[in-house]
Amino acid sequence: MERRSKRPRRRGRKLWFLAALAVLAGLFVYWDNTALQAASFSPALPDLPQGFDGCRVVVLGDLHSTYFGEDNEKLLEAVGAQEPEYIFLVGDLLDAFRDVPEGYAKETAAGLTAIAPTYYVTGNHEWALGDVRSLKKTLEAQGVTVLSNEFVTLERNGDAVVLAGIDDPNGYADQKSPETVAAEVRAAWGDPFWMLLAHRNDHFPEQYSLLGADLVISGHGHGGVIRLPFTDGLVSTDRTFFPSYTAGLYEKNGSTLFVTRGLGNTGPSFRLFNRPEVAVLTLRRG
């Protein structure tokens, strides 16, 4: 009597194992791109006025028209749970390579301003989409302070700091340069403690760190998209390998940079070991 070969049975088990592995990998990638993560940071800032010691700020970047829950309910809950005193939106609220849901900017802005005063600067995707003036008006109508190459003052416990914001370099050709905005801050306030909202993380080392801002807050880097141990991300948004200044705190030229890993993806890209981040900055007088 001939023995039946065990090879087909073994091959079938391998196929089932590979199929189960593929399903688990797919579920992990889905979770890794949709499960919000609150991450806390406490930059030590020597010149921070005493009145702002302990101030909590939520930084959101690179939403790219993404929803977290119906009408961004999960995102708003996550932000509210951090009890921020301010919310900073650092660009790429919308995405140039995906359909923007009708009313997305209005709904998101209304939800955020109901939690805390919200400040916004443009990213490169808003300019790629076009009609930035209309977007700014929509945000302002919901109570967002749009900083277009200008600055305002924030007050807390009897002290004041300056908050400046610049449009993305993809903006109008004749817009104010970051250097001009920095000069206007100095002309108005002398040598204040000031923060700068600027979308592009990769402009920090050679340009933004030289402006004199005590703290620069950016996005754009997406955390290096894929994060591996002992790296600052695998690939930049410009498709270069092993970028720096993609997530967390950095220092150069006497200026501190904070970069949020952001929340969404652009086009067909996805995150790996890099969950969507609701970043919480607790400012400390160091």
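Computed from a prediction, not measured in an experiment: that's the story for all the values here.

Parameters at a glance
- Residues numbered from 1 in each chain as written.
- Predicted model: local features only at pLDDT ≥ 70, side-chain atom pairs only at ≥ 80, totals over all residues.
- Heavy atoms only, no water.
- Patch = residues over 30% accessible without salt bridge, like charges linked within 9 Å, V, L, I, M, F, W, Y side chains within 5 Å.
- Areas by Shrake-Rupley, 256 points an atom, 1.4 Å probe, with all protein chains shown as cover.
- Salt bridge = Lys/Arg side-chain N within 4 Å of Asp/Glu carboxyl O.
- Lys, Arg positive; Asp, Glu negative; His and termini not counted.
- Charge placed at Lys NZ, Arg CZ, Asp CG, Glu CD.
- Helix = DSSP H or I, 4+ residues; strand = E, 2+ residues; numbered from the N terminus.
- Buried < 20%, exposed > 50% of the residue type's maximum accessible area, 1.4 Å probe, protein only.
- Contact = heavy atoms within 4.5 Å.
- Pairing = 2+ DSSP bridges.
- Axes fitted to C-alpha atoms, helices over the stretch in contact; angles between N-to-C directions.

Asks: Tell me about a negative patch on the surface, residues and numbers included.
Replies: The grouping of Glu70, Asp71, Glu73, Glu77, Glu102 and Glu107 at the surface amounts to a negative patch. By the secondary structure assignment, Glu70 is in the loop between strand 2 (56-60) and helix 2 (73-81).

Asks: So what's going on with the environment of Tyr172? Which residues, and what values?
Replies: Assignment of secondary structure puts Tyr172 in the loop between strand 7 (159-165) and helix 6 (178-189). According to the relative accessible area criterion, Tyr172 is partly exposed, its value standing at 34%. Expressed as a C-alpha distance, the spacing of Tyr172 and Leu60, which sit 112 residues apart in the sequence, is 24 Å. Apart from residues no more than four positions distant in its own chain, Tyr172 is found in contact with Trp127 and Arg133.

Asks: If you had to explain the sheet that holds strand 3 (residues 86-89) to someone new, which residues and values would you point to?
Replies: Spatially, six strands are ordered 1-12-2-3-4-5 in an open sheet, and the strand pairing comes out mixed. In this open sheet, the two edge strands, each paired with only one partner strand, are strand 1 (37-41) and strand 5 (145-146). Looking at chain direction, strand 1 and strand 12 (residues 277-282) are connected through five bridges and run parallel. Residue pairing in the sheet places Ala38 in a bridge with Val278 of strand 12.

Asks: Account for the sheet that holds strand 7, with residues named and values stated.
Replies: What the six strands build is an open sheet, ordered 6-7-8-9-11-10; its pairing is mixed. In this open sheet, the two edge strands, each paired with only one partner strand, are strand 6 (150-156) and strand 10 (248-252). Sheet twist, expressed as the average angle between the axes of neighbouring strands with direction ignored, equals 25 degrees. Across four bridges, the pairing between strand 7 and strand 8 (residues 194-200) is parallel. From the neighbouring strand, Ala164 faces strand 8, where its bridge partner is Leu196. Docked against the sheet, helix 6 engages strand 6, strand 7 and strand 8, running at close to 45 degrees with respect to strand 6.

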